[in-house]
Each structure stands twice: as structure tokens, then as C-alpha cells.
Amino acid sequence: MQSTLTWTMAGNAPDDGEGDAGVVVDTKPRTKKPPLYKVLLLNDDYTPMEFVVHVLERFFGMTHAQAFEIMLTVHKKGVAVVGVFSHEIAETKVGQVMDFARRHQHPLQCTMEKE
Ligand code: TYC
């Protein structure tokens, strides 16, 4: 984005007697939005549908109906975005899902990618 520059007399340059003591200051407030990450759930042939629904309810706060719908989307299309988060939250969600799936000996895969 372009800088916004403003001519001002309120700068800290010493008056050089030339009658031109202003300085150029940047007045635009600059904030950088942190990048967002999509959390993706991948299909496989073995993880039970009810397990995936439970994962979506438990870790992504979905209702049973929402979870069932997203599970079916993954089952039919191979992948779906299950949420968009900051890097730290996305990493946590992926870890929770992968851990939970491994503990139950299901091959369910969950990944993240920058939006
Ligand atoms: N394809 C699985 C089955 O038929 C169900 C499933 C859905 C698995 C979504 C993973 O992310 C997934 N049992």
C-alpha cells in the first residue's frame, strides 16, 4: 500500500531560519492483519462417519446437523474446509484432531493451509 505523507510544521527539525521548517511525516495508521489459515479435513475409506461427525462437534463447535453435512461433503468431494483461524489456533485444532484420530486408531487426516 502507498504511504500517506503529510507536510507539517510540527516536526522536530530545528528552524534553519529559511522559513521552511516543516517536515514530512507519515500520518497513516498502519496495521497488518495477521494471515488466516484454513483447516481442512480429508476423506479416507476407513474412518467411521460417526467418528468424523463427533470430531466436528467436539473440536469445531458444530451442531450435529452441521457436522453431518460437512462430513458428507468430505466423504463425497474428498476434502472440505472446516474452519478458518489464526496460525496458532489452526495448529492447535489440527493437532487435536490428529491426536484424537490416532488414539482411536483411525487414519483421519487434518491439515491447514494459508488462506
Ligand atoms: N469415507 C468414510 C467412510 O465411508 C467417512 C469419512 C468422512 C472419512 C469424512 C473421513 O474426513 C472424513 N466411512
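Since this is a predicted model, take the numbers as computed values, not measurements. (Residues numbered from 1 in each chain as written. Predicted model: local features only at pLDDT ≥ 70, side-chain atom pairs only at ≥ 80, totals over all residues. Heavy atoms only, no water.)

**A look at the sheet that holds strand β3 (residues 37–42)**
- One open sheet accounts for three strands, arranged β4-β3-β5; its pairing is antiparallel. Edge strands, defined here as strands with exactly one partner in the open sheet, are β4 (79–85) and β5 (109–114). Here the average twist between neighbouring strands, direction ignored, is 30°.
- For β3 and β4, the ladder comprises six bridges, and the chain directions are antiparallel. (Pairing = 2+ DSSP bridges. Helix = DSSP H or I, 4+ residues; strand = E, 2+ residues; numbered from the N terminus. Axes fitted to C-alpha atoms, helices over the stretch in contact; angles between N-to-C directions.)

**What to know about the site of the ligand**
- Within the structure, the ligand sits among Leu41, Leu42, Asn43, Asp44, Thr47, Met49, Val52, Met71, Val74, His75 and Leu108.
- Here a nitrogen atom of the ligand sits 2.9 Å away from a polar atom, N or O, in the main chain of Thr47.
- At the level of secondary structure, the elements contributing two or more residues to the shell around the ligand comprise β3, α1 (49–60) and α2 (64–77).
- Looking at which element gives the most residues to the shell around the ligand, the answer is α2, with three residues. (Near = heavy atom within 4 Å. Polar contact = N/O pair within 3.5 Å; in protein donor to acceptor, adjacent residues only side chain to side chain.)

**A short note on the side chain of Asp44**
- Mapped onto the secondary structure, Asp44 falls in the loop between β3 and α1.
- Put simply, Asp44 is tucked away with no salt bridge, and the nearest opposite charge, on Arg102, sits 14 Å away.
- Here Thr47 takes part through its backbone nitrogen, which lies 2.6 Å from a polar atom of the side chain of Asp44.
- Excluding anything up to four places from it in sequence, Asp44 contacts Pro107 and Leu108. (Buried < 20%, exposed > 50% of the residue type's maximum accessible area, 1.4 Å probe, protein only. Lys, Arg positive; Asp, Glu negative; His and termini not counted. Salt bridge = Lys/Arg side-chain N within 4 Å of Asp/Glu carboxyl O. Contact = heavy atoms within 4.5 Å.)

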